[in-house]
Amino acid sequence: MNWHPPVPHRVADAAGTVWSVRRAWPGASAGRYVLEVRNPARPGVLAGHFSEGRFDPVTVNDHRLPALSAESSKGEVVVHRAHKRAVLRTSASYIKVFRPGWAPAAAVGHGTATAPPAGGGFRTPRLISAGQDVLVFSPVAGRSFYELGQDQTGITDAFYASKWDEWQRAWTATLSGAGSTAFLERLPLHDAEEELVILRRWIEHWLRHSEGIAEAAKERAALLARADVVTAGLLATPRDRLGWAHGDLHDKQMLGQGYPGAPGLLDFDEACTAEAALDLANLDVHLELRWRQKLLTTRRYDIAHASIMSAAERVHASPGRLAAYAASTRLRLACLYSFRPPWGPQAATYLTSLDPAPREQPESRH
């Protein structure tokens, strides 16, 4: 697979300042992209739009996030998706900035979503204050499993495995005591049909940005064919029971400390009622992706994968549902990462080689 959305590695603003592209999302029309960029000489991140070779920054004066300007004096902007949301890090808190009026519902949702993992042994962010468009959360100590996986000098494989053991115990305890039916009804439903809605949205992004491009014809056909297979798998296999789900579980949302103890868990914006396979497949495929990106050694991928599969057995996630949700996640991430340098070419190839990670792999770059 050769063609992928041509998002540049670097962009320059009108003043000539060069920015490295950290993350990118498809815009509303072909050739338009939403960017999050960095410059080593400046703290934090900057949002912006890119089209026809031109980068237009969106500063903290984002008109769709009017609270961001005032809040930016309190800390460093670490996330800014133009016109949608932003996150700032201060010495004592994290500040989430929403569109006006969106914060109260997010505050209620956070309280509902964090009750099961807190009861299962996870450390979760505490809501400190809430306004109409700003929420302030306590920090959660630790390093992300994403960082831990890449640290080949500061931690051993045995320590990495111990963090996964801590996660597995907390995860199985969370799902085992996730609450009553009445509690689950307060969370949105993310069933197989909803999973397909999200997947199709990303497929449509990819098709829109590749429309009319002759070099992408083979990839478009492969993508559509694969989508049919994934759809059949999600709808045909018998479904597991529904329960509490994080909704966006991956290794950057999980924190481990330098000593034995409860793991941390972050970002409950997508918490929902779902099959256990939704989270476990999403987490497993993200680890598989790190492995393909050479951010994890084979040994550490095996450690993580084994822990996830053990958790799946303990919470009675059936192999068929894990496979179905994993196939959906692979296809979604292939579409998503094809918009993100430097992984675009690899993600594009991933679209036509969507089998689980093989057991042999070149060693990590670390």
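Check the entry above for the structure.
As the structure is a computational prediction, the values presented were derived from the model and not from experiment.

### With respect to the overall build of the protein chain
Counting its secondary structure elements, the protein chain contains 11 helices and 15 strands. Over its C-alpha atoms the protein chain spans a radius of gyration of 20 Å, differing by no more than 12% from the 21 Å that the globule rule assigns to 366 residues. Dimensions of the protein chain, computed from C-alpha atoms along their principal axes, come out at roughly 55 × 50 × 45 Å. In the protein chain, which comprises 366 residues, the share counted as buried stands at 53%.

### With respect to the sheet that holds strand E13 (residues 254–256)
One open sheet accounts for three strands, arranged E11-E13-E14; its pairing is antiparallel. Whereas interior strands pair on both sides, the edge strands pair on one side only; in this sheet they are strand E11 (143–144) and strand E14 (264–265). When E11 meets E13, the two strands line up antiparallel, connected through two bridges. For Arg143, the partnering residue across the bridge sits in E13 and is Gly256.

### Observations concerning the packing of helix H8 (residues 276–292) against helix H10 (residues 319–337)
Two packed helices can be described by the angle between their axes and the distance between those axes. Running from amino to carboxyl end, H8 crosses H10 at an angle of 50 degrees, the nearest separation of the two axes being 8 Å. Judged by the angle between their axes, H8 and H10 are oblique. Seen along the crossing, H8 lies across H10 with a hand that is right-handed. Along its contact with H8, which presents Ala277, Leu278, Leu280, Ala281, Asn282, Val285, His286, Glu288, Leu289 and Arg290, the element H10 presents Arg321, Leu322, Tyr325, Ala326, Thr329, Arg330, Arg332, Leu333 and Tyr337.

### Looking at helix H2 (residues 103–120)
Under the 1.5 Å per step criterion, the end-to-end length of H2 is 26 Å for 18 residues, consistent within 8% with the ideal 26 Å. Taken as a whole, H2 carries its principal kink of about 35 degrees at Thr114; the proline Pro116 stands between one and four residues after it. Here H2 has its buried residues at Ala103, Ala107, His110, Thr112, Ala113, Thr114, Pro116, Pro117 and Gly120. Of the residues one or two after H2, Gly121 is the one with positive phi, at around 110 degrees.

### With respect to the pattern of salt bridges
In this structure the tally under the stated criterion is 15 salt bridges. Close ionic contact of Arg22 with Glu36 constitutes a salt bridge, the shortest N to O distance being 2.1 Å. Placement of Arg22 in strand E2 (residues 18–26) and of Glu36 in strand E3 (residues 32–38) is noted, with a sequence separation of 14 residues between them. Of the charged contacts, one joins Glu193 and Arg239 as a salt bridge, the two residues approaching to 2.7 Å between their closest N and O atoms. With Glu193 in helix H6 (residues 192–210) and Arg239 in the loop between helix H7 (217–236) and strand E12 (242–245), this residue pair connects regions lying 46 residues apart in the sequence. The exposure class assigned to Glu193 is partly exposed, which follows from its relative accessible area of 37%. Owing to a relative accessible area of 39%, Arg239 belongs among the partly exposed residues under this scheme.

### Details of the packing of H6 against H10
One way to put it is that H6 packs onto H10 with a least axis distance of 9 Å and a crossing angle of 25 degrees. On the basis of their axis angle, the class for H6 and H10 is roughly parallel. Of the two possible hands of crossing, H6 and H10 adopt the one that is left-handed. Side by side, H6 and H10 meet where Ala192, Glu195, Ile198, Leu199, Trp202, Ile203 and Trp206 of the first sit next to Arg321, Tyr325, Ser328, Thr329, Leu331, Arg332, Cys335 and Leu336 of the second.

### Details of the nonpolar core
Counting residues in hydrophobic clusters, the biggest one holds 85 residues, and the most contacted among them are Leu35, Tyr160, Trp164, Trp167, Trp171, Trp244 and Leu280. Not counting the four nearest positions on each side in its chain, Leu280 is found in contact with Trp167, Trp171, Ile308, Ala311, Ala312, Val315, Ala317 and Leu322. Val45, Leu68, Leu88 and Val134 belong to the second largest nonpolar core, which has 11 residues in total.

### Let's talk about the sheet that holds strand E4 (residues 46–51)
The strands making up a sheet associate through backbone hydrogen bonding, with each pair oriented either parallel or antiparallel. Within the open sheet, the five strands sit side by side as E1-E2-E3-E4-E5. Their pairing is antiparallel. Two strands bound the open sheet, and with one partner strand each, they are strand E1 (10–12) and strand E5 (54–58). With strand direction ignored, the average angle separating the axes of adjacent strands in the sheet is 45 degrees. Note: E1 against E2, three bridges, orientation antiparallel. Paired with Arg10 across the strands is Ser20, a residue of E2. Taken strand by strand, H6 contacts E2 and E3, and its axis lies near 115 degrees from that of E2.

### A look at the pairing of strand E6 (residues 76–81)
By the bridge criterion, five bridges tie E6 to strand E7 (residues 85–89) in an arrangement that is antiparallel. The partner of Val77 across the bridge, within E7, is Leu88. Counting the residues in the hairpin turn of E6 and E7 gives three residues, including His83, whose phi is positive at 70 degrees.

Reading the values: the criteria
- Residues numbered from 1 in each chain as written.
- Predicted model: local features only at pLDDT ≥ 70, side-chain atom pairs only at ≥ 80, totals over all residues.
- Heavy atoms only, no water.
- Helix = DSSP H or I, 4+ residues; strand = E, 2+ residues; numbered from the N terminus.
- Rg over C-alpha atoms; globule rule 2.2 N^0.38 Å.
- Buried < 20%, exposed > 50% of the residue type's maximum accessible area, 1.4 Å probe, protein only.
- Pairing = 2+ DSSP bridges.
- Axes fitted to C-alpha atoms, helices over the stretch in contact; angles between N-to-C directions.
- Parallel < 35°, antiparallel > 145°, perpendicular 65-115°, else oblique.
- Left-handed = near helix turned anticlockwise from the far one by under 90°.
- Contact = heavy atoms within 4.5 Å.
- Expected span 1.5 Å × (residues − 1).
- Bend = angle between axes of the 7 residues up to and from the residue.
- Salt bridge = Lys/Arg side-chain N within 4 Å of Asp/Glu carboxyl O.
- Core = buried A, V, L, I, M, F, W, Y, C linked by side-chain atoms within 4.5 Å.

None of the figures reported here should be taken as evidence of function without further support.
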